[in-house]
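Report on the structure
The residues making up each chain are set out below.
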Amino acid sequence: MLSNSLKSNEPVPAIDREQSAHLSAAIFSEQYQRPGIPVVIRGLLEAEPDWSLDYLCQALRTLEFPVRHYGRSRSSQNKQHWTTIGSGVESQTMPFLEYARLLENGEAQAEDLYLGKCSIEQTALVQRSTLPQVGLRLGLTQAVSSHNLWVGVAGHTTHLHYDPFDGTLVQLHGTKRLILFPPSQLANLYPFPLSTHLKHGLKLRSTYSQVDLDRPDFNAFPKFEEALQSRSEVILNPGDVLYIPACWWHEVTAVGDEMVCSVNRFWRIQPAARGLRSWSKWRAHLGSVMATPHIVKDLVAALLTDNREQKLKQLRQRL
Ligand SMILES: O=C(O)CCC(=O)C(=O)O
């Protein structure tokens, strides 16, 4: 029978914090990975330098990345009027040094420009870093994504959503606040319906919640009240690694007043049975299948444009 790893009436404890020295791969597997429970781990990346803007500029220089243009008015709009979300938001491809200039001159803040989920696998950033330690020391062996970079300014929010794979989010500069809900809250968080994908492809996703956490509309979403009983909050500072089990809902906000930078990676769910039993996961995959006609259309359009490479890169990033 399809289920979620925590029962809906089970109280959710505060998210654990562990020191890596006390957390062997066997303990991590037993206490967190097997049951699908989030945890913050410190001390996995002791030798890692500060990923300041200067450091990123030196490593990435003229390498080009799609930068999402959220715009400041988005956060005051009713989510139900959105036509794009997350990686579906319109992006502009630019050299990293150009994005750094926009961070420094305040334009990134004013327009909420976010460098989200960009692969840095082939860059000096990953090649010279201790990031591969994260998977090795936790016994996470089957990556399903590359290392993805997330850079933005304080105030940026990646809205409430879930991913159909286990994830690790490594905080490298600045501070992030995460609000989490367990998979059992799927219905109480009112995800966009699956039919969204027939209209919007992957530009708007059924793995995102329609509820605005800052201004919840309890008339439109009465069951959200129940979800609030399972809400957890976590602050991530540089050096913290958050393990986010598949299908845990999370909203991520950059806080403080400086550039904020993290790297995440997705992993195959272990044990596989945890994923196979999860309706949230099947639902996410079903959504991707329903988006196929749009993906094919966008692929053909990208192949026919002059700046084919750039369009294909943007499309790859959305998948
Ligand atoms: O850092 C962010 O803005 C989003 C990260 C995220 O959603 C994830 O790691 O799954």
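Residues numbered from 1 in each chain as written. Predicted model: local features only at pLDDT ≥ 70, side-chain atom pairs only at ≥ 80, totals over all residues.

1. Examining the overall build of the protein
Secondary structure assignment for the protein yields 12 helices and 13 strands. Computed over C-alpha atoms, the radius of gyration of the protein comes to 19 Å, within 12% of the 20 Å expected from 2.2 N^0.38 for 319 residues, which places it in the range of a compact globule. Taken along its principal axes, the extent of the C-alpha atoms in the protein is 50 × 45 × 35 Å. Taking all 319 residues of the protein together, the buried fraction comes to 40%. Taking the intrachain contacts of the protein between residues at least 6 apart in sequence as the baseline, contacts between residues at least 24 apart amount to 84%. (Helix = DSSP H or I, 4+ residues; strand = E, 2+ residues; numbered from the N terminus. Rg over C-alpha atoms; globule rule 2.2 N^0.38 Å. Buried ≥ 20, exposed ≤ 12 C-beta atoms within 10 Å, placed from the backbone. Contact = placed C-beta atoms within 7 Å.)

2. Some remarks on the packing of helix H11 (residues 292–304) against helix H12 (residues 308–318)
Two numbers describe how H11 lies on H12: the axes approach to 7 Å, and their chain directions differ by 160°. If you check the angle between H11 and H12, you find them roughly antiparallel. The hand of the H11/H12 crossing is left-handed. Of the residues in H12, those touching H11 at Asp298, Leu299, Ala302 and Leu303 are Arg308, Lys311, Leu312 and Leu315. (Axes fitted to C-alpha atoms, helices over the stretch in contact; angles between N-to-C directions. Parallel < 35°, antiparallel > 145°, perpendicular 65-115°, else oblique. Left-handed = near helix turned anticlockwise from the far one by under 90°.)

3. Observations regarding the pairing of strand S3 (residues 64–69)
Here S3 pairs with strand S4 (residues 91–95) via five bridges, running antiparallel. Following the sheet pairing, Phe65 is matched in S4 by Met94. (Pairing = 2+ DSSP bridges.)

4. Focus on the site of the ligand
Neighbouring residues of the ligand: Trp150, Thr158, Asp163, Gly167, Leu169, Ile244, His250, Val252, Ser262 and Asn264. If you list the elements that add at least two residues to the shell around the ligand, you get strand S8 (166–173), strand S12 (249–255) and strand S13 (260–267). Split by residue class, the shell around the ligand holds four nonpolar, five polar and one charged. (Near = placed C-beta within 6 Å. Nonpolar A, V, L, I, M, F, W, Y, C, P; charged D, E, K, R; others polar.)

5. Remarks on the nonpolar core
With 71 residues, the main nonpolar core has Leu115, Val170, Leu189, Leu242 and Cys261 as its most contacted residues. Top element by residues in this core is S13. It accounts for five residues. Look past the residues within four positions of Val170 in its chain and what remains in contact with it is Leu45, Leu131, Val134, Val241, Ser262, Val263 and Asn264. (Core = buried A, V, L, I, M, F, W, Y, C linked by C-beta atoms within 7 Å.)

6. Digging into the sheet that holds S12
With respect to topology, four strands assemble into an open sheet ordered S7-S12-S9-S10, the strand pairing being antiparallel. Here the strands that pair on one side only, and so sit at the sheet edges, are strand S7 (157–161) and strand S10 (232–236). On average, each strand axis in the sheet is tilted by 15° relative to the strand beside it, whichever way the strands run. In this structure, strand S9 (residues 175–181) lies alongside S12, joined through seven bridges in antiparallel fashion. Bridge pairing in S12 places Ile179 opposite Glu251.

7. What to know about the confidence of the model for the protein
The predicted model of the protein has a mean per-residue pLDDT of 92, with 96% of residues at 70 or higher. Low pLDDT, under 50, characterises residues 1–8; the stretch is placed with 18 contacts to residues that sit more than four places away or in other chains. (pLDDT = per-residue confidence, 0-100.)

8. Thoughts on the sheet that holds strand S6 (residues 148–152)
Pairing between the strands of a sheet comes from backbone hydrogen bonds, and it takes one of two forms, parallel or antiparallel. As summarised here, the arrangement of the nine strands in space is S1-S2-S11-S8-S13-S6-S5-S3-S4, forming an open sheet in which the pairing is mixed. Each end of this open sheet is capped by a strand with a single partner; those strands are strand S1 (16–19) and S4. Geometrically, the sheet is characterised by an average inter-axis angle of 25° between neighbouring strands, direction not taken into account. Its contacts with the sheet put helix H3 (residues 96–104) on S3, S4 and strand S5 (113–119), and the angle it makes with S4 is roughly 110°. With respect to the sheet, H12 is in contact with S3, S4 and S5, its orientation differing from that of S4 by roughly 115°.

9. With respect to the environment of Cys247
Tracing the sequence through the fold places Cys247 in the loop between strand S11 (240–244) and S12. When the C-alpha atoms of Cys247 and Gln229 are compared, they prove to be 18 Å apart, with 18 residues separating the residues in sequence. Setting aside residues no more than four positions away along its own chain, Cys247 makes contact with Tyr162, Pro164, Pro183, Ser278, Ser280 and Lys281.

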